[in-house]
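Report on the structure
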Amino acid sequence: MTRHDAIVAKNLTVRYEDFAALVGATLTVHYGESLGIVGPNGSGKSTLLKTIAGLLSPASGELRVLGVSPSHLAHGTIAYVPQVEAVDWSFPATVWDVVAMGRFARLRFWQRFGAHDRAAVRRALELVGMTHLAARPIAHLSGGQQQRAFVARAIAQEPRLLLLDEPTTGVDAATEEALRDIVRRLSADGLTVLTATHDLDRVDEWFDRLLVLDRRVLALGTPSEVVASGAYSAIREHTHTHGHLRHDHEPHAAHAAHPEIKA
Amino acid sequence: MTLLTEPFHYAFMERAFVAALAVGLLCSTMGTYVILRKLAFIGDGIAHASFAGIVIAYLRGTNFYIGAGIVAVLTAVGIGFVHRRGRISLDTTIGVLFTGMFALGVYLMSQQRSYAVDLQSFLFGDILSVQPQDLWLILALSVVVAAAVVVFFRGLLYTTFDPVVAQASGIRSGAYEYALLVMLALTIVVSLQAVGIVLVAALLVTPAAAAYQLTSRFAPMMALAAVFGALSTVGGLYLSYYVRASSGATIVLLATLLFFAAIAAKYLRRATARAA
């Protein structure tokens, strides 16, 4: 509602045919924060990200992204890294080619791919540690390298909002560590980052705040607030987790932090 | 040398070579998208559907490029619409539409008294019959499609590789898909007289498929495909002149030969790389 809010959703409902994947979600994301979206499979995490990215239209409710409706955003505003990259891995492209695509939304068709664009690609490759792989065809990448290449493409876009859907699924520990570090650095630089994850491990190292979803918003607050709210216990039954958040915290007295409990 | 220049003594051969060059370059350039977006069946479908337009134009005495062009573009847009909105599978839609439209063309044609010769030339092409006004149409449409490839280059590349992420970044994947289908329809119309309805799919697929064997980047693949395409059409036309065979068939056979040569070259390169 204020200029401090990157995303404002009010009573947002999103449907696939007859199935409501997200029901009456009301939430606010601040500028420059790293927000984790947690919840079991089918809880609407991907649906929320896709709706913010303008790939799905809400059935009802209101959604403002950077102050406007998602379809009115300027080109290149949102960078999205989907959960499963359904691309053809035999596509004739090198890592550089893929990361360079991140610049395309920013260029009108008469504009050349210039020095500024190349610099952005180089910076992105460096940030994900893939500079030495720039010339490698994407067909010859490991799963972790593929994921880092797609994150680099998103970074090269220089978006104002970064959406990551399950970025650590199926990647090695080193890549997971690297991604965590990248998200922290980007949000420290002022980028708003939304990350969907079903991995509740070390969420407090990834995120400033957590959104707990199970088709409805169960809680929204700092990791410790969310733990205190009890929303975790509501979802952890069907969520694969081994993190310390699950075991270590005693129930806080009196819910002092008042997380925004919705259900 | 006279062997090379002899065909050019005839004006109709000159026109045929210019048309062959344009068709070869255009089909194989668009073929890069056809291969990477897996549109081969769509291309075949548009070509067959356009037959109805050819026959209607023929019966009305108008230029067949106009009839074929209108039907091809409408079919392409219709296929795109079904692809994005429809609940019927794309394969089924194309299968139904293109055979239905093709049958309509054959039906209308069969009601004419002398149709056998013309039918043959539409099915398999007759590049030697390209008239001056045909050639201007071929060249004009080629320039339009080539300009669209240049103008839409980045958007087409991104939406071909990753339409969902491109869309999220603000690039309209749907609009690019429609644009590409219309470009494909125009390409097919341009090629009908040269290689015919049945063989145009080969020219859309084979040179680009050959190029795909030899490179792992998009722009080089497109450039190499264009070279293979032009070699096939111009070379095929030469060959057909000397062996007195159907030009369309010779062109496609040469393209097929180039494809297998590309595969052989790929394995040869791998083997030598391993040995080194």
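Preceding block: the structure.
Residues numbered from 1 in each chain as written. Chains lettered and ligands numbered in written order. Predicted model: local features only at pLDDT ≥ 70, side-chain atom pairs only at ≥ 80, totals over all residues. Heavy atoms only, no water.

Turning our attention to the overall build of chain B. Scanning chain B from N- to C-terminus turns up 12 helices and 0 strands. Ordering the α and β elements of chain B from the N terminus gives α-α-α-α-α-α-α-α-α-α-α-α. A compact globule built from 276 residues should have a C-alpha radius of gyration of about 19 Å, and chain B, at 19 Å, falls within 12% of that. Structurally, chain B occupies a C-alpha span of about 60 × 55 × 30 Å along its principal axes. (Helix = DSSP H or I, 4+ residues; strand = E, 2+ residues; numbered from the N terminus. Rg over C-alpha atoms; globule rule 2.2 N^0.38 Å.)

Attention now goes to the sheet that holds strand β1 (residues 5–16) of chain A. Residues and elements named next belong to chain A. Read from one edge of the open sheet, 3 strands run β2-β1-β4, paired in antiparallel fashion. The open sheet has two edge strands, β2 (19–30) and β4 (60–65), and neither has a second partner. The mean angle between the axes of side-by-side strands here comes to 20 degrees, regardless of whether they run parallel or antiparallel. Alignment of β1 against β2, held across 8 bridges, turns out to be antiparallel. If you follow Val14 over to β2, its bridge partner there is Leu22. (Pairing = 2+ DSSP bridges. Axes fitted to C-alpha atoms, helices over the stretch in contact; angles between N-to-C directions.)

In this complex, chain A contributes 34 residues to the contact, which on the side of chain B involves 23 residues. Each partner contributes to the roughly 2,300 Å² buried at the junction of chain A and chain B, and carbon and sulfur atoms together form 63% of this total. When residues of chain A are sorted by the area they lose upon contact with chain B, Phe91, Pro92 and Phe104 of chain A head the list and together hold 28% of the total. Inspection of the chain A/chain B interface yields 3 salt bridges. A salt bridge links Arg153 of chain A to Asp162 of chain B; its shortest N-O distance comes to 2.8 Å. Our enumeration of links across chain A and chain B arrives at 9 residue pairs in polar contact (both at pLDDT 80 or more). (Contact = heavy atoms within 4.5 Å. Buried area = accessible area lost by both parts, 1.4 Å probe. Salt bridge = Lys/Arg side-chain N within 4 Å of Asp/Glu carboxyl O. Polar contact = N/O pair within 3.5 Å; in protein donor to acceptor, adjacent residues only side chain to side chain.)

Moving on, we get to the packing of aromatic side chains. Under the defined criterion, the tally for this structure stands at 18 aromatic pairs over all chains. Arranged with centres 5.8 Å apart and planes meeting at 90 degrees, the rings of Phe152 of chain B and Tyr176 of chain B form a pair that is edge-to-face. Taken together, the positions of Phe152 of chain B in the loop between α7 (132–151) and α8 (153–161) and Tyr176 of chain B in helix α10 (residues 173–214) put the pair 24 residues apart, joining distant regions of the chain. On the basis of relative accessibility, which here comes to 28%, the residue Phe152 of chain B falls in the partly exposed class. What links up through ring pairs into an aromatic cluster is the set Trp89, Phe91 and Phe150 of chain A together with Tyr33, Phe153, Phe161 and Phe218 of chain B. (Phe/Tyr/Trp six-rings, centres within 6.5 Å; stacked < 30°, edge-to-face > 60°. Buried < 20%, exposed > 50% of the residue type's maximum accessible area, 1.4 Å probe, protein only.)

A few words now on the nonpolar core. Among the nonpolar cores identified, the biggest contains 163 residues, and Ile52 and Leu194 of chain A are the most heavily contacted of them. If you tally residues by element for this core, the top one is α10 of chain B, at 22 residues. Excluding anything up to four places from it in sequence, Leu194 of chain A contacts Ile7, Val29, Leu35, Ile37, Leu49, Ile52, Leu161, Leu162, Leu163 and Leu164 of chain A. (Core = buried A, V, L, I, M, F, W, Y, C linked by side-chain atoms within 4.5 Å.)

Right, let's get into the environment of Met109 of chain B. All names here are of chain B. Secondary-structure assignment places Met109 in helix α5 (residues 90–110). In this structure Met109 comes out as buried when scored by relative accessible area, which is 1%. For the pair Met109 and Phe51, spaced 58 residues apart in sequence, the C-alpha to C-alpha distance is 9.9 Å.

This paragraph deals with the packing of helix α3 (residues 115–127) of chain A against helix α4 (residues 143–156) of chain A. Residue and element names in this part refer to chain A. Two numbers describe how α3 lies on α4: the axes approach to 8 Å, and their chain directions differ by 140 degrees. Taken together, the axes of α3 and α4 are oblique relative to one another. Where α3 crosses over α4, the two elements pack in a sense that is right-handed. On the side of α3, the interface is formed by Ala120, Val121, Ala124 and Leu127, while α4 contributes Ala152, Ile155 and Ala156. When its residues are assigned to classes, the contact of α3 with α4 shows 7 nonpolar, no polar and no charged. (Parallel < 35°, antiparallel > 145°, perpendicular 65-115°, else oblique. Left-handed = near helix turned anticlockwise from the far one by under 90°. Nonpolar A, V, L, I, M, F, W, Y, C, P; charged D, E, K, R; others polar.)

A separate point is the sheet that holds strand β7 (residues 192–197) of chain A. Residue and element names in this part refer to chain A. Taken together, 6 strands build an open sheet; the order of strands is β5-β6-β7-β3-β8-β9 and the sheet is mixed. The open sheet is flanked by β5 (78–81) and β9 (217–221), the only strands paired with a single partner. Strand-to-strand, the axes of this sheet are offset by a mean angle of 15 degrees, without reference to chain direction. Contacting β3 (34–38), β5, β6 (161–165), β7 and β8 (209–213), helix α1 (residues 45–52) crosses the sheet at an angle of about 150 degrees to β6. This element, α4, spans β5 and β6 of the sheet and lies at about 175 degrees to β5.

So, on to the side chain of Asp162 of chain B. Locating Asp162 of chain B in the fold gives a position in the loop between α8 and α9 (163–168). Under the relative-accessibility criterion, Asp162 of chain B is labelled buried at 4%. At a separation of 2.8 Å, a polar atom in the side chain of Asp162 of chain B contacts the side chain of Arg153 of chain A.

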